[in-house]
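Chain and residue survey
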Amino acid sequence: MSEIIQLKNVSRTFEVKRQIIKAVDDVSLGIQEGEVVCLVGESGCGKTTTGKMIAGMLSPSSGSIYFRGKDISTLSKDEFKQYRLGVQMIHQDPYASLNPAQTIYDIIATPLQHHGFTRGEAQTRARVRELLQTVDLTPPDDFLEKYPHQLSGGQRQRVSIARALTVNPSFIIADEAVSMVDVSIRISLLNTLTRLKDQMGLAVLFITHDLALAKYFAWEGRIGVMYLGRMVEISPARQLVERPQHPYTQVLLSAIPEADPDATRRKTRIELRSMDVPSLLRLPSGCAFHPRCPVFLGQKCETIVPRLIPQKDGGAVACHLVGEEKI
Amino acid sequence: MSDSTLSVRNLTIEYTAKRGNVQAIRNVSFDVQRGEALALIGESGSGKTTLGLGIVQLLPTAAQIRNGQVTYRRFGKNGQAAEVDALGLTGNALRQFRWRDCAMVFQGAQNAFNPVLRIADHFADTAKAHGAMSGKTLEERGKHLLTQVRLDAERVWRAYPHELSGGMRQRVLIALALLLEPQLIILDEPTTALDILTQRNIMDVLKDLRNQLDFSLVFISHDLSLAAELADRVATVYAGKIVELASVQIIFKAPVHPYTIGLINAVPTLAGDKGDLTSIPGSPPDLIDLPSGCKFHPRCPLADEKCKREEPELVEVGEQRGGKGGHQVACWHWQNARQTQKAFGVKA
């Protein structure tokens, strides 16, 4: 398998009130064709910024992003267009990401016609109907002339998926794509995404703050955990949830309440050394997690930034404790 | 005399809208026992928040209470209770009821502090408005409460809202809600929009407080895991009605309403297997144009002609199921629900 997207030492900074904020710090990540990777972490950890850089909506401050082996900053005009079409994004809020003044038909037909995927009214209409069917909006004729406000949140998100599929992408970035959809229909939406991924061989980067959802969606893929702009652990999905290696992942998993009164009340909690989340403006030295880390080792953690080190079990962990034991 | 802090009977609340009346709460009855935590769970638009606002009479003007009673019982030191008709209160009596008897923490209220007032002033304003303590007494009580919600009282007391994180502000609000020692606290989505570790902290604080102080808690959430963690009893709300009400154990381990079953099967858990999840077909109903009969029938695998015609009322089934009482459900087919629980949607 070859890598569709590769990030090499990618960082991104923002300037806010003349202060530099490091939103993403030295992230390296390769995603194979057809692979599912979930990025999880708390708000402000850089997961959305990472997604936007991969989609080409933000450029990295340093480091490089490769699309099918080519650095995206050196692509020719045609190649760049192929890359932008190949990588599509589904946004979090289906109420904000669809034009309220356009019908569903217009929303889906516009990119088809603009990029020359279909010619003429008849061909376009046939393709729009086909796409609506693909995302389980059936019968499609019921939806063509509707406006977004006439659809439920789940249906709107399906329209967003259909729109992303118009340009035959090979990589989809879904940023919290189900978090605003009713609980009872999230799973069917995720199942639709999974089916499309399998049928079309899409690679998917799924960004979420919900680890249980990540495990479900990434089942055969990987989950990456980010903390304050850095990737702290990335492993096969079930392995990460069942045998987390990084103390931060362990703390997160122990803190999540579960929809089972016995399990959730019996769960052993790992206490943090501090509840204060460090400001991105004043990141702690060394390992950014050290002021809160329950297994803090001392000086080494305060001074040396741990690298993300591949482990024998297929995962990779950025922690002095784990690195020391295995290598 | 009943031993419940709050009794809601046949409460019906409607909103007037251009398209017609939104039936946000339809004939809802439930009790909140002394010291218990009751969770109201349901999806967005199911009417949970309206129910909370109705209890403290803070509904927007477009809403009308069409029917029902809300009775609050103020327990004295001797265990005697004085009954208060919460919907009949006006003026000063209503003012006293809110916060002194029943405090509500609104959704997203951690972002609604007055930015130019210190936390101390927020406490002082609340105390003043209710004619309660002031000066040293207030400061001592305020700092004591801030410590109880695991905050650094000295620092937070003097702080402005912007100096505190979202989770800290939420804890300040919980402390503020407790200021006048209410017997009932209503929390609307207390952990929504907070990070996992902050959520955990809020949950732990609430658990601590419930162990230390004597108050009843009603919390409104779409997050099933929060209910599993904190609640003694859980009510499932669908289309403005409680469709199942039982202990947290029964709701999560042996629910009988198809919607409760569907909702629990739809939420992934960390320990869960991929195949355990199913989805409820269709989407939640339009509250202006509700389906006939049982409001869940268009999405329910058990629906038959009767379900389309007649709406089931919430009835006690606990004893029939061989247990104690205290399990109520509104479903014609609750006896078959368990067997068909896998009938939902496409199996994952």
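All of these numbers come straight from a predicted model, not from anything done at the bench. (Residues numbered from 1 in each chain as written. Chains lettered and ligands numbered in written order. Predicted model: local features only at pLDDT ≥ 70, side-chain atom pairs only at ≥ 80, totals over all residues.)

**Quick look at the overall build of chain A**
Counting its regular elements, chain A contains 13 helices and 12 strands. Here chain A has a C-alpha radius of gyration of 21 Å; the compact-globule value for 327 residues is 20 Å, and the two agree. The proportion of buried residues among the 327 residues of chain A is 47%. (Helix = DSSP H or I, 4+ residues; strand = E, 2+ residues; numbered from the N terminus. Rg over C-alpha atoms; globule rule 2.2 N^0.38 Å. Buried ≥ 20, exposed ≤ 12 C-beta atoms within 10 Å, placed from the backbone.)

**A word on the interface of chain A and chain B**
Listed per partner, the contact involves 35 residues of chain A and 37 residues of chain B. Of all the elements in the fold, those that place two or more residues in the side of chain A that touches chain B are α7 (183-200), α8 (211-218), α10 (247-255) and α11 (261-266) of chain A. Here the residues of the side of chain A that touches chain B are counted per class, giving 20 nonpolar, 8 polar and 7 charged. (Contact = placed C-beta atoms within 7 Å. Nonpolar A, V, L, I, M, F, W, Y, C, P; charged D, E, K, R; others polar.)

**What to know about the domain arrangement of chain B**
Residue and element names in this part refer to chain B. Here chain B is partitioned into domain 1 (4-231) and domain 2 (256-343). The straight-line distance from the C-alpha centre of domain 1 to that of domain 2 is 29 Å. Every contact between the two is made by 12 residues of domain 1 and, on the other side, 8 residues of domain 2. Sorting elements by how many residues they give to the side of domain 1 that touches domain 2 places strand β2 (residues 20-33) first, with 6 residues. Of the residues belonging to the side of domain 1 that touches domain 2, the class tally is 4 nonpolar, 6 polar and 2 charged. (Domains from an automatic or database assignment.)

**Some remarks on the sheet that holds strand β7 (residues 184-188) of chain B**
Residue and element names in this part refer to chain B. On the basis of which strands lie adjacent, the open sheet formed by 8 strands has the order β6-β7-β8-β3-β9-β10-β12-β11 and mixed pairing. The open sheet has two edge strands, β6 (102-105) and β11 (315-316), and neither has a second partner. Where strand β3 (residues 37-41) lies against strand β9 (residues 233-238), 4 bridges are found, and the strand directions are parallel. From the neighbouring strand, Leu 38 faces β9, where its bridge partner is Arg 233. Taken strand by strand, helix α10 (residues 258-265) contacts β9 and β10 (241-247), and its axis lies near 100° from that of β9. (Pairing = 2+ DSSP bridges. Axes fitted to C-alpha atoms, helices over the stretch in contact; angles between N-to-C directions.)

**Structural notes on the sheet that holds strand β10 (residues 230-236) of chain A**
Residue and element names in this part refer to chain A. The 8 strands are arranged β6-β7-β8-β3-β9-β10-β12-β11 in an open sheet whose pairing can be described as mixed. Strand pairing shows two members of the sheet lacking a second neighbour, β6 (87-90) and β11 (309-310), which therefore form its edges. Pairing geometry for strand β3 (residues 36-40) and strand β8 (residues 203-208), over 5 bridges, is parallel. Opposite Cys 38, over in β8, you have Phe 206 as the bridge partner. Against the sheet, helix α1 (residues 47-54) contacts β3, β6, β7 (171-175), β8 and β9 (222-227), and its axis sits at roughly 155° relative to β8.

**With respect to the environment of Ser64(A)**
All names here are of chain A. Relative to the helices and strands, Ser 64 is located in strand β4 (residues 62-67). Taking the C-beta count within 10 Å as the criterion, Ser 64 has 15 such neighbours and is therefore assigned partly exposed. C-alpha separation for the pair Ser 64 and Phe 206, spaced 142 residues apart in sequence, amounts to 21 Å. In this view, Ser 64 contacts Lys 8, Asp 71 and Ser 73; residues no more than four positions away in its chain are not counted.

**Thoughts on the pairing of strand β1 (residues 4-17) of chain B**
Residue and element names in this part refer to chain B. Where β1 and β2 come together, 10 bridges link them in antiparallel fashion. By the bridge assignment for β2, Tyr 15 is matched with Val 22. The antiparallel hairpin formed by β1 and β2 contains 2 residues in its connecting segment. Relative to strand β4 (residues 63-75), β1 runs antiparallel, the two sharing 8 bridges. Its bridge partner being in β4, Tyr 15 is matched across the sheet by Ala 63.

**Some points on the packing of helix α6 (residues 166-177) of chain B against helix α7 (residues 196-212) of chain B**
Residues and elements named next belong to chain B. The geometry of α6 relative to α7 is characterised by a closest axis approach of 9 Å and an angle of 15° between their N-to-C directions. On the basis of their axis angle, the class for α6 and α7 is roughly parallel. Crossing geometry of α6 relative to α7 is assigned as right-handed. Here α6 contributes Gly 166, Gly 167, Gln 170, Arg 171 and Ile 174 to the contact with α7, which in turn contributes Thr 198, Asn 201, Ile 202 and Val 205. (Parallel < 35°, antiparallel > 145°, perpendicular 65-115°, else oblique. Left-handed = near helix turned anticlockwise from the far one by under 90°.)

**What to know about unusual backbone geometry**
The step from Thr138(A) to Pro139(A) runs through a cis peptide bond, and the omega angle for that step is -10°. Among the secondary structure elements, Pro139(A) is positioned in the loop between α4 (120-134) and α5 (141-144). Even without a glycine there, the phi angle at Asp26(A) is positive, about 55°. Although it is not a glycine, Glu181(B) sits at a positive phi angle of roughly 50°. Mapped onto the secondary structure, Glu181(B) falls in the loop between α6 and β7. The class for Glu181(B) is partly exposed, based on 14 C-beta atoms found within 10 Å.

**Observations regarding the environment of Gly88(B)**
Residue and element names in this part refer to chain B. Topologically, Gly 88 is positioned in the loop between β5 (81-85) and α2 (91-101). The exposed category is assigned to Gly 88, around which 12 C-beta atoms lie within 10 Å. Separated by 31 residues in sequence, Gly 88 and Gln 57 have C-alpha atoms that sit 9.6 Å apart.

**Concerning the pairing of β10(B)**
Residues and elements named next belong to chain B. Buried residues dominate β10, accounting for 6 of its 7 residues. Relative to β10, β9 runs antiparallel, the two being bridged by 6 bridges. Looking across to β10, one finds that Arg 233 is bridged to Ser 247. Between β9 and β10, which pair antiparallel one after the other, the connecting turn spans 2 residues, and Ala 239 there sits at a positive phi close to 50°. Direction of pairing for β10 relative to strand β12 (residues 328-329): antiparallel, over a ladder of 2 bridges. Within β12, the residue paired with Leu 245 across the bridge is Gln 328.

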